[in-house]
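# Structural description and commentary
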Amino acid sequence: MSEKRLKPSIRFKGFTDDWEQRKLESIADVLTGGEPPLDHIKSKEPYDQYKYPIYSNGLGDDALWGYSKEYRIDKPAITFSSIGSLGSPELRSRCFTPVIRLKVIIPKDDKTDLAYLKYNLDLADFSNNASGIPNINADSVKAISFMHTQNRNEQVKIGNLFLNLDNLITLHQHKYEKLQCLKKGLLENMFPQNDEKKPRIRFKGFTDDWEQRKYKDLISFVVDNRGKTPPTTLDGIPLIEIGSVGNYRIDYSKIDKYLSEDSFNNNLRNYLEDGDVLFSTVGTTGLTSYYESKIRAAVAQNIIGLRFKNVSGRFMAFSISTPLNNLKIRSIQMNGVQSSVKVPQFLELSTCLSLEKSETNMIASLFECLDDLVTLHQRKYEKLQNIKKALLEGMFC
């Protein structure tokens, strides 16, 4: 059995001492939340004299239980959920009250940096063998063993690094969420709703009514490989499955199946062309992406390619994604082991569109830029999460 390493594999310059194994109770006190204060409000925001948060078990924002006029904990502390979803250590810098057996960790003295301890505990195993609802008691928390450096300067550097990294992660997460909300709002307002003939938000210079058309009158060809199960390889020509569609651009990083030249040429019914709109027909139906032929690819059985005529595929990729058109797709969806949409029924659906090519091109360009921004911040967020995970594993023993 391998021995526990005494030094982190990633370390700030100038620190060389071994770390030592310690139990949490040797460096911190562990408290347990009790009953909620009698005088409190159930709210996600403070109000008047009810300015001190009450925290319960739960992850992230779900841990905020309400507010009270008084508090029980008056020192910076760490809380984590001890019933149901275990763990998720959180820094608490304000005075607060813990309730419903929420665990609170407070360093015994200033020899231990709070942020460092929080991120060290991110790696701790809070699981137990209890049956029923997962839970962990105070004695088990006190007995948690982990590798610890007594050098407070090293602790502070580690804690600050992860605090700054978390701030970056939160920044990109919030930007991603705001852009998603903006996109959703524009999809609702830059396309006519219900029986309306004009969008509520429109580029200057366009005033004509939009017109209803059935998809079958807008589509010249459907790329459909249902019933075809070509043999796959670990590299070659990408086979696009449902996990790669949903954003305007196909996410090739999520593709894990490929076709050989022979399989591509001899095992498919139809082939994609530049400008086709990919549309998911099985599972999560109605997801779309826009295909550009600079990457040769094929679609799996749960995706079709829609080849539009006399209207931009770029525009239609977003038009199909509007809440109204998605609702229409749901109305013909068959529910079973997996939800599905029949292509003939989809083609009979109608959609409202502008006959002005310049207008549809401007709308498509706006959403294309917006979608690229959404993807940018999503990928930055995911990349920073992966960096944090690697650093947690490398900077703690």
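To keep things clear, this report deals only with the structure shown in the data block. (Residues numbered from 1 in each chain as written. Predicted model: local features only at pLDDT ≥ 70, side-chain atom pairs only at ≥ 80, totals over all residues. Heavy atoms only, no water.)

Per the stated rule, a full pass over the model turns up 17 aromatic pairs. Between Trp19 and Phe396, the ring centres sit 6.0 Å apart and the planes meet at 80 degrees, which makes this aromatic pair edge-to-face. Placement of Trp19 in the segment before strand 1 (20-23) and of Phe396 in the segment after helix 9 (357-395) is noted, with a sequence separation of 377 residues between them. Considered together, Trp19 and Phe396 belong to a single accessibility category, that of buried residues. Clustering of aromatic rings is evident, with ring pairs tying together Phe191, Trp210, Tyr248, Tyr290, Phe315, Phe318 and Phe367. The ring centre of Trp65 lies 3.9 Å from the NZ or CZ of Lys42, which sits over that ring. One residue, Arg92, lies across the ring of Tyr55, its end atom 3.7 Å from the ring centre. (Phe/Tyr/Trp six-rings, centres within 6.5 Å; stacked < 30°, edge-to-face > 60°. Helix = DSSP H or I, 4+ residues; strand = E, 2+ residues; numbered from the N terminus. Buried < 20%, exposed > 50% of the residue type's maximum accessible area, 1.4 Å probe, protein only. Lys NZ or Arg CZ within 6 Å of the ring centre and 35° of its normal.)

Before going further, it helps to examine the side chain of Thr285. Tracing the chain through its elements places Thr285 in the loop between strand 15 (277-280) and strand 16 (288-290). Ignoring sequence-local partners within four residues, the contact set of Thr285 consists of Ser280, Asn326, Ile329, Arg330, Gln333, Ser339, Ser340 and Val341. (Contact = heavy atoms within 4.5 Å.)

Attention now goes to the state of the cysteines. Within this structure, the stated rule accounts for zero disulfides. Free of any disulfide, Cys181 has its nearest cysteine sulfur in Cys369, 19 Å distant. On the accessibility criterion, Cys181 (57% relative accessible area) is exposed. (Disulfide = S-S within 2.5 Å.)

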